[in-house]
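So you can see what is in the structure, the chains are spelled out below.
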Amino acid sequence: MRILVVGGGIGGLALGAALGRRGLVADVVERRETYGDEGAGIVLGPNVMAVMKGLGLHEEVLAAGHPVGLARITDASGRVLQQTPYAVPGWPLPATAIHRSRLLRILRAASPAPRLGVTLSRLEDCAEGVDVAFSDGATGRYDVVVGADGIGSAVRRHVCGVDVLPRYSGYTCWRLVVEGHFGDAVVEMWGQGKRVGVVPLDARRSYVYLTHNAPRRAEAPWTDLAGFRAAYAGFADPARSALARVDRLDGLLHNDIEDCLAPRWWRPRAVLLGDAAHAVTPNLGQGAGLAIEDAAALAWLLATMGPSDEALARYERLRRPRAERIRDRSWVLGKVSQWEGGLARTVRDAVLSWTPESVSRAQLEAVVRDMPGVPIG
Ligand SMILES: Cc1cc2nc3c(=O)[nH]c(=O)nc-3n(C[C@H](O)[C@H](O)[C@H](O)COP(=O)(O)OP(=O)(O)OC[C@H]3O[C@@H](n4cnc5c(N)ncnc54)[C@H](O)[C@@H]3O)c2cc1C
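Residues numbered from 1 in each chain as written. Predicted model: local features only at pLDDT ≥ 70, side-chain atom pairs only at ≥ 80, totals over all residues.

> Tell me about the site of the ligand, and please be specific about residues and values.
Around the ligand, the structure places 32 residues, and the nearest of them are Gly 7, Gly 9, Gly 150, Gly 274 and Gly 287. At the level of secondary structure, the elements contributing two or more residues to the shell around the ligand comprise α1 (10-21), β2 (26-30), β3 (41-44), β13 (167-179), α8 (275-278) and α9 (287-305). Per-element tally for the shell around the ligand: the top contributor is α9, with four residues. Looking at the shell around the ligand residue by residue, the classes come out as 13 nonpolar, 13 polar and six charged. (Near = placed C-beta within 6 Å. Helix = DSSP H or I, 4+ residues; strand = E, 2+ residues; numbered from the N terminus. Nonpolar A, V, L, I, M, F, W, Y, C, P; charged D, E, K, R; others polar.)

> Describe the environment of Glu 357, with residues and values.
Take Glu 357: it is sitting in helix α12 (residues 357-369). Assessed through the 11 C-beta atoms surrounding it within 10 Å, Glu 357 is described here as exposed. The spacing of Glu 357 and Thr 84 is 273 residues in sequence and 6.3 Å in space, taken between C-alpha atoms. Beyond its immediate chain neighbours, meaning those up to four positions away, Glu 357 contacts Gln 83 and Thr 84. (Buried ≥ 20, exposed ≤ 12 C-beta atoms within 10 Å, placed from the backbone. Contact = placed C-beta atoms within 7 Å.)

> Residue-level account of the sheet that holds strand β16 (residues 205-213), with values.
Pairing is mixed in the open sheet, where seven strands are placed in the order β6-β5-β14-β15-β16-β13-β17. Whereas interior strands pair on both sides, the edge strands pair on one side only; in this sheet they are β6 (80-85) and β17 (253-261). Sheet twist, expressed as the mean angle between neighbouring strand axes with direction ignored, is 20 degrees. Of the pairings in the sheet, the one linking strand β15 (residues 194-200) to β16 comprises seven bridges and is antiparallel in character. What sits directly across from Lys 194, in β16, is His 212. Packed on one face of the sheet, helix α10 (residues 309-337) meets β13, β14 (186-190), β15 and β17 and runs near 135 degrees to β17. Across the sheet, helix α11 (residues 342-354) lies against β5 (70-75) and β6, angled at about 40 degrees from β6, the strand it touches most. (Pairing = 2+ DSSP bridges. Axes fitted to C-alpha atoms, helices over the stretch in contact; angles between N-to-C directions.)

Structural data, given as structure tokens:
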């Protein structure tokens, strides 16, 4: 079977690895010229770690990352609003936080090497498959083309026949990695229209993310380090200690937070995966996990049913409801967590702190256990 994967990000590389486990070899093309020490942190839940085990990669992820036993939400003063153990009975591998570039390195080593600096210049159906022309002048004929090319997917246009525009959440996010370990829990602190998250990456580094409400594509509300510190000065530890470690602003990553759901995920001989099909806001920390799950599901269907319409339709039927559920929950959670109004926040914080741990645990378990179409082990 001739398979082309467009996009060598988390989803595309996971697909390359998953196909390889099933004896199939894909061509992978990636637009960027190199993989650097890019990105910040990613948390992979126990379910995604089980998928990584199926790819034979869980030990490398555990060695390169940090197990996360607890997820905690606090207010800006550090008062705990909700605390949820990140362990789910029946899923023995721990949730693991890992630097994105380390995860990419592990996936790259297990996938066919992507052709770097290459994108598509033409994609056309023919009687024997799909004819593709690449930006480097090469051409190829494939049985199926997989769009793993992220939220701005070009393959999505081919599959859906229209441009599908992302939906902006109303808040923007800054990410960085700092020296220091501020505890083993993932902590997210909710302030007034702002959040700070602190995630242990290993024994000496932490991933920090900061959100604030802002119009789309707004400039940063600070011009220097003092302004940056002042913007989040109201946050207690662990945010305060983590932000005290920031000594320059040029390493900050910035994304407006958006989601995007393709109205259809496949057409004959072309299919979407990961953010190209369903970018979700990062409030549940599931986007990369969904892409890895998709990869395992699609590899299994292609290996067992071939690149048929039935296989691609089944893939969408199995995966879309979960992606939609996570998209919707994540959207609402993001909106509520970014509230600015005093009364609304007081009520919200009270409800959260009165909610028994059993409820938040059940919600987490529902996300972890609901993985249709994904072969485990
Ligand atoms: C601020 C933020 C924080 C996040 N935190 C988390 C988290 O903690 N946990 C989590 O699970 N998820 C998180 N996510 C989501 C996660 O990053 C994405 O869901 C995940 O990266 C999706 O993987 P992907 O491979 O589908 O897309 P991408 O990672 O976007 O990869 C797409 C790849 O395709 C390449 N490409 C694009 N267009 C072309 C083209 N035309 N030709 C060739 N190559 C192309 C790109 O260069 C890229 O390498 C976060 C996202 C954001 C914005």
